[in-house]
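Residue-level listing of the chains:
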Amino acid sequence: MESYKHAAGSRRVIPCPPDQRREALLQLAAAHDPAQQAALSAAVKAMQHQPDAQWGGLWISLEGQQLRGAIWVQPLPLNMAQLWLPNVQGDHRDALIEAARAWVMERSLTLCHIELPHDATRTRAQLLAHSMEPLVSLHCLRGATDNRLAGQTPAASLHWAAWETLTSGQQLALLAAVGHESKDCCLLREILSVEDLLAGFYHQDAHAPAHWHVLWADDEPAPVGVLLLAPRHEVNRWELMLMGVVPAWRRQGLGRYILNDALTLAQQAGALELLLSVDQANTPAFDLYSRAGFSEYARQQVLTWRG
């Protein structure tokens, strides 16, 4: 698809030529708040040495020869992508979104997602009108690392081991078991394989798997829990990317045990707060975090195209 023709006069949407890429990305950055600008800047920096062919997801809207807006389908590993919306409104915005949607579908991308604040109702409605689907709604929580959950220590003899002590098969089996009947991101787990989910965690954590742990109990032949932590040095915090327990060991206090150890590890590393996101449908997990002193600082909606 070389261009997407919009109906009105000289208005048109085309793949961004290399000589207009800088201008397009500057326009794109102007559409986002400071936190998103930092993420966009990091995404662009990671792409700076890529050949022009890798920038096929960057589209611009022109009126005559004037650049009016830009949209970017940022490529991610595993045939996935993230959508960055334009700062222009009206017909140009609709035309850019539709061009991005068509590009995603033509390339059969597994998933192209966008994260929106919960109050972005107008943007959400516009994206739904362009065939995006709700994927998950998230509570974004933070808690002081000196907090601890009270309660009895689980009766079983427990110990931690490094993630890398498992074979690749054991790693995938553990993630599959932890995800079984989980209330977190159910649709995402249906779309992506366990291999895809694991690769996604690696992509999110530049230090992986230095702070990833598996929990063993007594003489069990396989681990019973998992804890994936990621330092976020730029904000002096750590992130809890994943914690979970296999089905046979649930409702025995292991969630409290794992969360307390996550807080301890983050505190020992000098982090003042631990960040995490939890599916709004996962009430038991949300209640656990609330009892540990976590509070909500944002809500996000994740929408997606599935190519």
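As shown above, the structure is provided for reference.
Now for a look at the structure at hand. Here, residues in each chain are numbered from 1, in the same order as that chain's written sequence. Whole-chain, interface and lining totals are the exception, using all residues; otherwise, since this is a predicted model, local features are given only for residues with pLDDT of at least 70 and side-chain atom pairs are given and counted only at 80 or more. Hydrogens and water are ignored here; the side-chain numbers use all heavy atoms of the structure.

### Some words on the overall build of the protein chain
Item 1. A count of helices and strands for the protein chain gives 9 helices and 13 strands.
Item 2. The dimensions of the protein chain, computed from C-alpha atoms along their principal axes, are 75 × 35 × 35 Å.
Item 3. The burial tally for the protein chain puts 47% of its 307 residues in the buried class.
Item 4. Contacts in the protein chain between residues at least 24 apart in sequence constitute 73% of all its contacts with a sequence separation of at least 6.
Item 5. To be clear on the numbers: accessible area is Shrake-Rupley with a 1.4 Å probe, and residue cover counts the displayed protein chains and nothing else. Total accessible area on the protein chain is roughly 15,000 Å²; 50% of this is exposed by carbon and sulfur atoms.
Item 6. Positive residues here are Lys and Arg, negative ones are Asp and Glu, while His and the chain termini are left out of the count. Here the site of a charge means atom NZ of a Lys, CZ of an Arg, CG of an Asp or CD of a Glu. In the protein chain, 24 positive and 31 negative side-chain charges are present, and the distance between their average locations comes to 6 Å. The helix and strand labels rest on DSSP assignments: H or I over at least four residues marks a helix, E over at least two residues marks a strand, and numbering proceeds from the N terminus. Three labels apply to residues, based on accessible area from a 1.4 Å probe with only protein chains included: buried if under 20% of the type maximum, exposed if over 50%, partly exposed otherwise in between. Here, two residues are considered to be in contact whenever any of their heavy atoms come within 4.5 Å of each other.

### Points about the nonpolar core
Item 1. Trp163, Leu240, Leu259, Leu274, Tyr289 and Phe294 are the most contacted members of the largest nonpolar core, which totals 47 residues.
Item 2. For this core, the element with the most residues is helix H8 (residues 254–268), which contributes 7 residues.
Item 3. In contact with Phe294, other than residues within four places in its own chain, are Leu141, Arg142, Gly143, Leu259, Leu263, Leu274, Leu276 and Tyr289.
Item 4. For the purposes of this section, nonpolar cores are sets of buried Ala, Val, Leu, Ile, Met, Phe, Trp, Tyr and Cys residues that join through side-chain atoms within 4.5 Å. Ala95, Ala100, Leu109 and Leu303 belong to the second largest nonpolar core, which has 24 residues in total.

### Observations regarding the packing of helix H5 (residues 168–179) against helix H7 (residues 194–204)
Item 1. Working convention: axes come from line fits to C-alpha atoms, limited for helices to the stretch in contact. Angles between N-to-C directions cover 0 to 180 degrees. Between H5 and H7, the least distance of the axes is 10 Å, while the angle of their chain directions is 100°. Judged by the angle between their axes, H5 and H7 are roughly perpendicular. Contacts between H5 and H7 pair Gln171, Leu172, Leu175 and Ala176 from the former with Val194, Glu195 and Leu198 from the latter.
Item 2. Taken together, the residues of the contact of H5 with H7 sort by class into 5 nonpolar, 1 polar and 1 charged. For classification purposes, an angle smaller than 35 degrees is called roughly parallel, one larger than 145 roughly antiparallel, one from 65 to 115 roughly perpendicular, and anything else oblique. Polarity classes work like this: nonpolar for Ala, Val, Leu, Ile, Met, Phe, Trp, Tyr, Cys and Pro, charged for Asp, Glu, Lys and Arg, and polar for all others, with Gly in that last group.

### Here we look at the pattern of salt bridges
Opposite charge on two side chains allows them to pair when their charged atoms are near.
Item 1. In the sections that follow, a salt bridge refers to a side-chain nitrogen of Lys or Arg positioned within 4 Å of a carboxyl oxygen of Asp or Glu. In the structure shown here, the tally under the stated rule is 8 salt bridges.
Item 2. Linking Arg232 and Glu239 is a salt bridge whose minimum nitrogen-to-oxygen distance equals 2.7 Å.

### Considerations on the environment of Asp261
Item 1. With respect to the helices, strands and loops of the structure, Asp261 is situated in helix H8.
Item 2. Sequence separation between Asp261 and Arg148 is 113 residues; the distance between their C-alpha atoms is 8.9 Å.

### Overview of the environment of Ser131
Item 1. The topology assignment puts Ser131 in the loop between helix H4 (121–129) and strand S7 (133–144).
Item 2. Residues Ser131 and Thr165, spaced 34 residues apart in sequence, show a C-alpha to C-alpha distance of 43 Å.
Item 3. If near-sequence neighbours (up to four positions away) are discounted, Ser131 is found in contact with Arg101, Thr304 and Trp305.

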